[in-house]
Amino acid sequence: MTADPGSAGPRDGTASQDAGLASLAGEGSILSRTARGAGWVIGWRFCTRFIGLFSTLILVRLLTPADFGIVALATSFVQGFGQLCEVGVEDAIIRDPHPDRALYDTGFTINLIRGFGVALVLLIGAFPIATLFHNPNLAPVLLAVAGISALGAMENIGVVDFRRFIAFDREFVLKIIPRIVQTAIGITLSFILRSYWALIIALLSNQAITTMMTYRLHPYRPRLSLVAWRRMAGYSAWIWVNNLVSQLNSNGTNFIIGKMLGVGAVGIFGLGNEIAGLPNTELVGPLCRSAFSGFAHARADDDNGASLLLRLLALMTIIALPAGLGLSLTAYPIVQLGFGKNWIGAVPLLQIIGIANAFSIFGMISGVVFSVRAWMKALFKLGAAVTLTRLGLIIVLLPVYGLPGAAIAVALTDIVNQLVLIVVTVHRLDLSLGTVLGRIWRSIAAAALMTALLVTLHLGWSDEPGTDRWQAIHLGAAVMIGAISYTASLIGLWLLAGRPEGAERDLLDFLRAMLRRIETRRLPA
């Protein structure tokens, strides 16, 4: 088994007293707290999507595409450089069994160095980058957005406790207030300035407010120190290396497609891939963010997390599997109604990649276990092998099948990646694949019945052209029939099995607990 870097506790002579705000930990089991945490993160995702849509509908009437383009280009440099320097400081603190002040302060100092380092790179490279893109307006924008990195570097490291103790309601507040203020400032200044500077000032305001709120919402006051850097070094180095592999995966795919088929093909592929990944970004991703803290708690209690893994896999399979298959089945009406007939080329991509993404819950949750248990070398080897295989398959299949060939390469390598991750995970946690299948077979069977019904009724994987009205009727019928058939099949199979303990009961218990909490809050004091 791969070594577990950073798990031996303090080795630098510092006190090992926990520096976290333990009062943030809520009541209930790790599963219930993890599920509640995922609910808050999903709530944040939906809120920010709604706010973003609302502001975009207004801003597109006040600003030009060039305004949006220059902001997107500038922020992509901030995010790109930031990602290249990401070393997983927060994750290292969450999974450490002895997160004392030395570790918190070291994490703060590393973030400070990273953030100001990115800002310095942007300051030095602003004018050369602007010259490279033949856009002199880009230079002052890059100088301004360097402030985003610098402000973010000064955030209070103490707020990592919101994740560490699964207090995502606090993190929701930390994120939603600056987002609302950013939207208000952006819209107001757009009316006044009619310039991309309105968006830049809004982004800077968001980060400034976020940084100030981190000190308002958490009492911890960080100091400059690198005394615990050795405890972070092994884990953080592997995080950085795995981030590089991830960057090579995504950017390499786009580069090959752009080189062989042109920029337009990159846009179509990106659209299909993004839609297919919605269950991951909006459902599975939030769960994994919360699950990281849950598995870290289990590890601290000398629990290998096997029980939590089984229950989370079963719970999320009920939701994520039909959502992913549903997107694949209804790709044609979704693309035509949402993006127009010019983007119909994305339909086969969504159909192919959507199938693989429907089962991504297995790989993503297993990846969280790998990260918490610090099996980083194995994660790197698998990621590198999958990335190289994917890029090679794209080079071979793209000239023959076009963009669907790239989708096939992505889907095949994703499926292999998920299978390897789940097999290795259950083996290392002393489980069996039979045990895993025993928890999820009803969800898989119900999803298969839903798929068969929609295909039989010509409502699934149907590429029949038609008017927008016809496609809307098609989509509505598919969603309604699919939801009813899946739910009925799942409940029927559960009842036939004798209402066993499992995801169905966990979901019902979770919904009852939510209703009780809502009812309690509605009662008069």
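Cut-offs and rules
- Residues numbered from 1 in each chain as written.
- Predicted model: local features only at pLDDT ≥ 70, side-chain atom pairs only at ≥ 80, totals over all residues.
- Heavy atoms only, no water.
- Helix = DSSP H or I, 4+ residues; strand = E, 2+ residues; numbered from the N terminus.
- Rg over C-alpha atoms; globule rule 2.2 N^0.38 Å.
- Buried < 20%, exposed > 50% of the residue type's maximum accessible area, 1.4 Å probe, protein only.
- Areas by Shrake-Rupley, 256 points an atom, 1.4 Å probe, with all protein chains shown as cover.
- Core = buried A, V, L, I, M, F, W, Y, C linked by side-chain atoms within 4.5 Å.
- Contact = heavy atoms within 4.5 Å.
- Phe/Tyr/Trp six-rings, centres within 6.5 Å; stacked < 30°, edge-to-face > 60°.
- Lys NZ or Arg CZ within 6 Å of the ring centre and 35° of its normal.
- pLDDT = per-residue confidence, 0-100.
- Salt bridge = Lys/Arg side-chain N within 4 Å of Asp/Glu carboxyl O.
- Axes fitted to C-alpha atoms, helices over the stretch in contact; angles between N-to-C directions.
- Parallel < 35°, antiparallel > 145°, perpendicular 65-115°, else oblique.
- Left-handed = near helix turned anticlockwise from the far one by under 90°.
- Nonpolar A, V, L, I, M, F, W, Y, C, P; charged D, E, K, R; others polar.
- Polar contact = N/O pair within 3.5 Å; in protein donor to acceptor, adjacent residues only side chain to side chain.
- Expected span 1.5 Å × (residues − 1).
- Bend = angle between axes of the 7 residues up to and from the residue.
- Arc of directions from axis to C-beta.
- Patch = residues over 30% accessible without salt bridge, like charges linked within 9 Å, V, L, I, M, F, W, Y side chains within 5 Å.

Asker: Which residues make up the overall build of the chain, and what values go with them?
Answerer: Scanning the chain for helices and strands turns up 20 helices and zero strands. Expected size for 525 residues packed as a compact globule is a radius of gyration near 24 Å; at 24 Å, the chain falls within 12% of this value. When the backbone C-alpha atoms are referred to their principal axes, the chain occupies close to 65 × 60 × 55 Å. Taken over 525 residues, the chain has a buried fraction of 48%. Accessible surface, the chain: about 24,200 Å² in total, of which carbon and sulfur atoms supply 67%.

Asker: How would you sum up the nonpolar core? Please name residues and give values.
Answerer: Ranked by internal contacts, the top residues of the largest apolar core, which has 71 residues, are I93, F295, L313, I361 and I365. Per-element accounting of this core gives the leading share, 13 residues, to helix α12 (residues 306–329). Excluding anything up to four places from it in sequence, I361 contacts V284, L287, L313, M316 and T317. Among the nonpolar cores identified, the runner-up in size contains 27 residues, and L138, I148, I187 and Y196 belong to it.

Asker: Account for the packing of aromatic side chains, with residues named and values stated.
Answerer: Within the structure shown, the criterion is met by eight aromatic pairs. Judged by centre distance (5.3 Å) and plane angle (40°), the rings of Y104 and Y220 are tilted. Taken together, the positions of Y104 in helix α4 (residues 101–132) and Y220 in the loop between α8 (197–217) and α9 (229–261) put the pair 116 residues apart, joining distant regions of the chain. We classify Y104 as buried; its relative accessible area is 0%. Centroid distance F370 to W375: 5.2 Å. Interplanar angle 85°. Geometry classified as edge-to-face. Here F370 matches W375 in class, with each residue buried. Three or more aromatic residues joined by ring pairs make a cluster, and in this case those are F77, F81 and F133. Positioned over the ring face of F292 is R163, at 5.7 Å from the centre of the ring.

Asker: Pulling in residues and values, what's your account of the confidence of the model for the chain?
Answerer: On average, residues of the chain carry a pLDDT of 88, and 95% of them reach 70 or more. Counting interchain partners and residues more than four positions distant, the pLDDT-below-50 stretch residues 1–15 has 39 contacts.

Asker: Outline the pattern of salt bridges, listing residues and values.
Answerer: Applying the stated criterion across every chain yields a total of 13 salt bridges. The closest approach of N and O atoms between R231 and D96, which form a salt bridge, is 3.4 Å. Residue R231 is found in helix α9, and its partner D96 is found in the loop between α3 (89–95) and α4; the two are separated by 135 residues along the sequence. Each member of the pair, R231 as well as D96, is classed as buried. Taken together, the shared-partner salt bridges in this structure form one network comprising D18, D161 and R164.

Asker: Just give me the short version of the environment of T106, but keep the residues and values in it.
Answerer: Its location among the elements puts T106 in helix α4. Since its relative accessible area comes to 0%, T106 is described here as buried. For the pair T106 and A447, spaced 341 residues apart in sequence, the C-alpha to C-alpha distance is 47 Å. Residue contacts for T106: discarding those within four places in its chain leaves S225, L226, V227, A228, W229 and M232.

Asker: Go over the packing of α12 against helix α18 (residues 433–456) with me, naming the residues and quoting the values.
Answerer: Put simply, α12 and α18 touch, their axes get as near as 9 Å, and they point 15° apart. Taken together, the axis directions place α12 and α18 in an arrangement best described as roughly parallel. Relative to α18, the crossing made by α12 is right-handed. Residues L310, R311, L313, A314, T317, I318, L321, P322, L325 and L329 of α12 form the contact with α18, whose participating residues are T435, V436, R439, I440, S443, I444, A447, M450, T451, L454 and V455. In terms of residue class, the contact of α12 with α18 is made up of 15 nonpolar, four polar and two charged.

Asker: Account for the packing of α9 against helix α16 (residues 376–401), with residues named and values stated.
Answerer: Each pair of packed helices can be described by the angle between their axes along with the distance between the axes. Running from amino to carboxyl end, α9 crosses α16 at an angle of 5°, the nearest separation of the two axes being 10 Å. By the angle between their directions, the pair α9 and α16 is classed as roughly parallel. When the residues that make up the contact of α9 with α16 are grouped by side-chain class, the tally is 19 nonpolar, six polar and two charged.

Asker: I'd love a proper account of the side chain of N357, names of residues and values included.
Answerer: If you trace the backbone, N357 turns up in helix α14 (residues 347–358). Of note is the side chain of N357, whose polar atom sits 3.2 Å from the backbone oxygen of A276.

Asker: Describe helix α11 (residues 278–300), listing the residues and the values that go with them.
Answerer: For α11, with 23 residues, the first-to-last C-alpha span of 32 Å sits near the 33 Å given by 1.5 Å per residue. The axis of α11 is deflected most strongly, by about 40°, at V284, and proline P286 appears within four residues downstream. Of all 23 residues that make up α11, 18 are buried, and the element is covered over most of its length. Positive phi shows up at D302, right after α11, with a value of about 60°.

Asker: Lay out helix α2 (residues 65–84) in plain terms, naming residues and giving numbers.
Answerer: Between the first and last C-alpha of α2 there are 28 Å, a value that for 20 residues agrees with the 28 Å anticipated at 1.5 Å per step. All buried positions along α2 are accounted for by D67, I70, V71, A74, T75, F77, V78 and G82. Along the axis of α2, the buried residues cluster in a sector spanning 135°; they form a single face. In α2, the exposed positions that point more than 90 degrees away from the buried face belong to P65, A66 and Q79. Buried-residue contacts for α2 involve α4, α5 (138–153) and α8.

Asker: An account of the environment of I113 is needed here, citing residue identities and associated values.
Answerer: Structurally, I113 can be placed in helix α4. The spacing of I113 and A153 is 40 residues in sequence and 7.6 Å in space, taken between C-alpha atoms.

Asker: I'd like to hear about a nonpolar patch on the surface, residue by residue, with values.
Answerer: Together, L120, L123, I124, F127 and L143 give the surface a local cluster of nonpolar side chains, amounting to about 500 Å² of exposed area. Per-element tally for the nonpolar patch: the top contributor is α4, with four residues. Considering the arrangement of structural elements, one finds L143 in helix α5.

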